[in-house]
Each structure stands twice: as C-alpha cells, then as structure tokens.
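# Reading the structure
Residue-level listing of the chains:
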Amino acid sequence: MPVARPFLAIGALAGFLALSACDPAPLSADEKAKIASLVIDELAALPAAPANLYADNPQAVAFGKLLFFDQGLSGDGHISCATCHMPDRQFQDGLPRGVGVAQTDRRTMPLAGVGWNVWQFWDGRRDSLWAQALVPLEDRREHAGNRTAYAHFISANHSKAYEAVFGPLPELERMPSDASPLGGAAERAAWTTMSVAERDAVNRVFANIGKAIAAFERTLEPGETRFDRFARAIAAGEAPTGDAAFSDLELEGLRLFIGKANCLECHNGPRFTDDHFHNTGVPPMAADELDRGRAVGIGEVLADPFNCLETYSDAQPGACTALRFMKRDTAVMERAYKTPSLRGVAQRSPYMHAGQIASLDDVIDHYSTAPDAVAGQSEIRGVIFTDRGRKALIAFLKTLDAEGPNDP
Amino acid sequence: MPPQRANGNSRIMLAGLGLLVAAIAVYAAFQLFSPPPSEVDVAYNTVSGEGFYQVMFETEAQPVPVNETHEWVLTVTTPDGAPVTDAEISIDGGMPDHGHGLPTEPRTTENLGEGRYRVEGMRFNMGGHWEIRIGIDAEPGLDEAVFNLDL
C-alpha cells in the first residue's frame, strides 16, 4: 500500500495541473505571494514613537483631537489642521496645493496610516509626526501663528486639558504675545528679548501641542478595502466570493500592478509605500522650478530643533534610527519625493507632490512616457500600456477605495 | 536445520528490503507534497574578493525583512578562522538590476569583540535581488566581501 501512495499522489498532481491548464490565467505562486504581501492584515503593529512620550496616552489623544479641529490654533483664528486635512475627504483637501491663509507649494497628504510613516512631508523634512505638526502652525501660508501666541492660547483656553497630560504650564504673563524664531521681523525681534529659560518654556509648550496632535493622528488607521478581501482569500488559497471576487479587468490591472508595470518597486507592502524618496520625473509647476524635494529635506531634518536627537525629543539617541542612518546623499535625492500610499488613491485627485497631474489616466500617461527629470535622474522606465491595460490598472486601483464616510 | 536458518535469514532480508522500499516511497511522497524547506537564513557566509577574510552575517529579523530597519552582526575572521578584531568596516549596496543603492546609510556601531561587529540601519525597500558589499580594512589588507540576497 505505501508503495502505491506516490503514484496516487503523482496522478492527483497531474490531474490538478490539467485542470489548472483549462483556466486561461491562473495566478502563479509568485503572483499570489505578491498579492498576499499587500493585504492590510500584513500591516505591522503601530510602531512605537520614542520621541513622543505621550504618543499612546488616551488623554493626549483626546486633547490632540480637540486641537486638530481648533481654529484658535492660527494667526487669524480661522485655520485648523482640518482646514486642509478634511476628515470626510481622507483628511486631505482635493486641491493641487494646500491652502491655509494662502496657497502652499505642496499637495496636502491624507492621514490614514501616518503613524507608520518613517518620514513626514513629501520631502521628509521632519522625522516624527509631532515635529511635523509644528511646521504648518508657524508657516505664514498655513496657520500663520507663532509659538508664543500658541502658548498663551493654550493657557487661556485649554489649560486644564493641557496640564492633565503634560503637567503645569509655565508662567506666561510677562512673555510677549507674539514671538518666534521663525516669524516676521517683529516676532523674531520679540523672541530675542526673551531669556533662554523663557524660550525653552515656550518651546516645550509648542512641542507638547505637536505631541498631542500626533497622538490623535496615530489613531487614524487605514481601513479594509475590497482589495483586502480579495487578497485575503487568495492568501488563504480560497476563491474570493461576493464583493471580494474581482472582475477580469480588475484582475488584469492587479497583474499589471504587481508585474510588468513595475508599480511594486515603490508602492509595496500593505501601505503601498516603501517609505523612501524617488525622482519620478514629475514636471515642476511654474513656481516649483526650484523645489529640490528630498535633496533639501535631508538638511532641514538634520537642522530641526525638534528632531528626534534634540532637546524636546523624549527618545534615547539610540532609538532615533531613521535620523541616525538617514541616506544623506543629496545628489541621488535631487527632486525625489516620498512614495505616497495608494490606499484610497482613486478618490483623491489631483496627484503628485504639487498636484501637477489631474487624473489617474494622466498619471498612467506620465509613467508610460517617463519624461526626463528637470533636475536629477528619473528612476522610472517607460511602460507601454494598451487601452485595456490602462482601464485595468485604474479598475484595480479603485478596489483600494476607502469605504464608509468616516474611513480615512 | 542450517537450511531452515538460511531460509529464515533471507525472509528477514526480504522483509527488510520491503520495509526499505516502503520507507523510500513514503519519503518520496512526503517530499513531493511538503513545501520546499525554508531557506537557511540564519547565517550567510562568504569569502572576500582577495580571499583575506571569511565574513558572516547574522540577523534576528528572519527572514531578512523588507521595509523594516534592522541590525546585523558581522563576524570577520581570517581564512584559517582567527578573529579579525580591529577592522574598519564600511557597508554599501543596492539593487544591480534597478541601478539604485540602499535607502539608508548603515554602519557599524559597536565592536562586539572576537571579530564581531554590530551593524545598524540595514533596510531594504523592495523585494528582489540586493547586493551588499562589506568593505574590510584590517591587518591582512583592504578587501571587500559581497552578499547576494533575494528578498
């Protein structure tokens, strides 16, 4: 009897192969493995945020949520984080470039999954969510406020919530109403009148505002999509059923995505990003001519007084892995920008770091023609798409649509 | 009696042979349907280009991960196994098929003694073939070891 087993087994295998051959396009083992690598279930646990002691503090989360929507955190009292990061639009604004008090240089990024980011901003010029949150607050085109005014604002309006998380607020009575090392001439002049201890006290309140907002933002997780239900079945060796079943067109698009369209080179893993920076030859906007992307972001994050290695970070220096081993070669990072996640991508045109490309069709055109970069070297190689291939790729990307009104 | 004994012996031998054939058959069936053995990832060994050094790396992150910054421990010895304890080590690499380098700048952060060195900041940002080049400068001379990884 045992002698018969391998023959039986070989017979069964031959039968299986013959059956599979009837299907014009069964997924290969390699394709299945690639599909399984993208499913949301593969998302690692939310990474620790060593530079933010309050990152997972529920009171900080609640306070941060309050601050995120508080228009009082702005120079003119009309701008909050949610002005551009709109909760009902995946926490982005659908505009080519964000508009606070004035128009900025960059596309507003969605926030689902930001807690997993290694770098913040398109050029990675900040290394933590809390350090990121501070930048728009003082940018003159965004919230257009200053850190001393924010400290006064917290003291006047949120002292109880603040102190419950961070302890006593400093004495602020004698400090200028508007002062910052980054503001206009008057604000900078006022900053120089403050003692080192006063500046430190204000910087600490400012940093804590960022830490609370970051704690809230960490709770914004990417949701399950139709693609995930499809991929989960494939990973389990089952046939997807119901809405998890893909149409022929969607499957063809997925195959292009993981195959000859080379998308997976950068858009990989369950967040569809490699957390790195790439020059893809995206043409500049007129005002964007001098935007060097990551080539400048490298120096900015090193010089940031709120980075992981500096005074207001809660991390031991050894924990600042991203910054310590950052690739500092600016030559290869010329006009390189961070790979965005593709979850929900079909619902948030326009595309690229300054909204240069209006539609997914045009994005495919860009990757098809692969124009030379205006500066640096584009990494992309032209891919020729058939009309059906284009439709298929877009059909696949739509299976990554965010679901439900509150799904970021 | 001796013939009987001989007969008994050959029966035992025949039975043994049958069992052996059966065992091979079961083994073959098992091989046919069991997944291929997972790659032995725990340690990679190589010899540097000029043959000055034997180099091995180990990592706790198994299999070597994509999109996760992790540590390696390098062990450097001479070909006859003597630890190289005072080497200057540099790490470089990339994907030859794609023409790009590493997304980070890993480096040795600790000399652990006995020819062992901690390397931090290792990161691979996509699956596929990666080449890691370890530059070693010590008493025997300057040399480079290359690890090929398929992630």
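Computed from a predicted model, the values in this text were never measured in an experiment. Along each chain, residue indices are assigned from 1 in the same order as the chain's sequence is written. Labels are handed out in written order, letters beginning with A for the chains and numbers beginning with 1 for the ligands. The predicted origin of the model limits local features to residues at a pLDDT of at least 70 and limits the giving and counting of side-chain atom pairs to 80 or more, whereas totals for whole chains, interfaces and linings rest on all residues.

## Things to note about the overall build of chain B
Put simply, the test is: Secondary structure is summarised from DSSP: a helix means a run of H or I of at least four residues, a strand means a run of E of at least two, and numbering begins at the N terminus for each. Three exposure classes are used, all based on how many other C-beta atoms lie within 10 Å of a residue's own C-beta (placed from the backbone): buried at 20 or more, exposed at 12 or fewer, and partly exposed between those limits. We call two residues in contact whenever the C-beta atoms placed from their backbones are within 7 Å.
Scanning chain B from N- to C-terminus turns up 1 helix and 9 strands. Starting at the N terminus, the α and β elements of chain B follow one another as α-β-β-β-β-β-β-β-β-β. By residue count, 23% of the 151 residues in chain B fall in the buried class. Put simply, 54% of the contacts in chain B that link residues at least 6 apart link residues at least 24 apart.

## Section: the overall build of chain A
Within chain A, the regular secondary structure consists of 15 helices and 2 strands. Expressed as a percentage of its 408 residues, the buried residues of chain A come to 45%. A sequence separation of at least 24 residues applies to 72% of the contacts in chain A between residues at least 6 apart.

## Thoughts on the domain arrangement of chain A
When the parts come together, some accessible area is lost, and that loss is often what is quoted as the size of the interface. Residues and elements named next belong to chain A. Applied cut-off: Domain delimitation in this document rests on an assignment produced automatically or drawn from a domain database. Asp, Glu, Lys and Arg are counted as charged, while Ala, Val, Leu, Ile, Met, Phe, Trp, Tyr, Cys and Pro are counted as nonpolar; the rest, among them Gly, fall into the polar class.
As assigned here, chain A comprises domain 1 (26–43 + 224–293 + 334–398) and domain 2 (58–217). Using C-alpha coordinates to define each centre, domain 1 is positioned 32 Å away from domain 2. Its residues assigned to classes, the side of domain 1 that touches domain 2 comprises 7 nonpolar, 6 polar and 7 charged.

## Topic: the confidence of the model for chain A
Detailed reading of predicted coordinates is not advised where the pLDDT is low. Note the cut-off: For every residue, the pLDDT score states the predictor's confidence, bounded by 0 at the bottom and 100 at the top.
When pLDDT is averaged along chain A, the result is 93, and 92% of the positions lie at 70 or above. Confidence over residues 1–24 of chain A falls short of pLDDT 50; this stretch has 17 contacts with residues more than four positions distant or in other chains.

## Some remarks on the packing of helix α2 (residues 29–36) of chain A against helix α10 (residues 226–235) of chain A
Residues and elements named next belong to chain A. Put simply, the rule is: In this analysis, axes come from line fits to C-alpha atoms, helices being fitted only over the stretch in contact, and the angle between any two N-to-C directions falls in the range 0 to 180 degrees. When describing relative orientation, an angle under 35 degrees is termed roughly parallel and one over 145 degrees roughly antiparallel, while 65 to 115 degrees is termed roughly perpendicular and anything else oblique. Left-handed is the label given to a crossing in which the near helix is rotated counterclockwise from the far helix by less than a right angle, and right-handed is the label when the rotation is clockwise.
At a closest axis distance of 9 Å, the pairing of α2 and α10 adopts a crossing angle of 130°. Looking at the two axes, α2 sits oblique to α10. When you trace α2 past α10, the crossing you get is left-handed. Only Ala 231, Ile 234 and Ala 235 of α10 make contact with α2, whose side of the interface consists of Lys 32, Ile 35 and Ala 36. In the contact of α2 with α10, the residues fall into 5 nonpolar, no polar and 1 charged.

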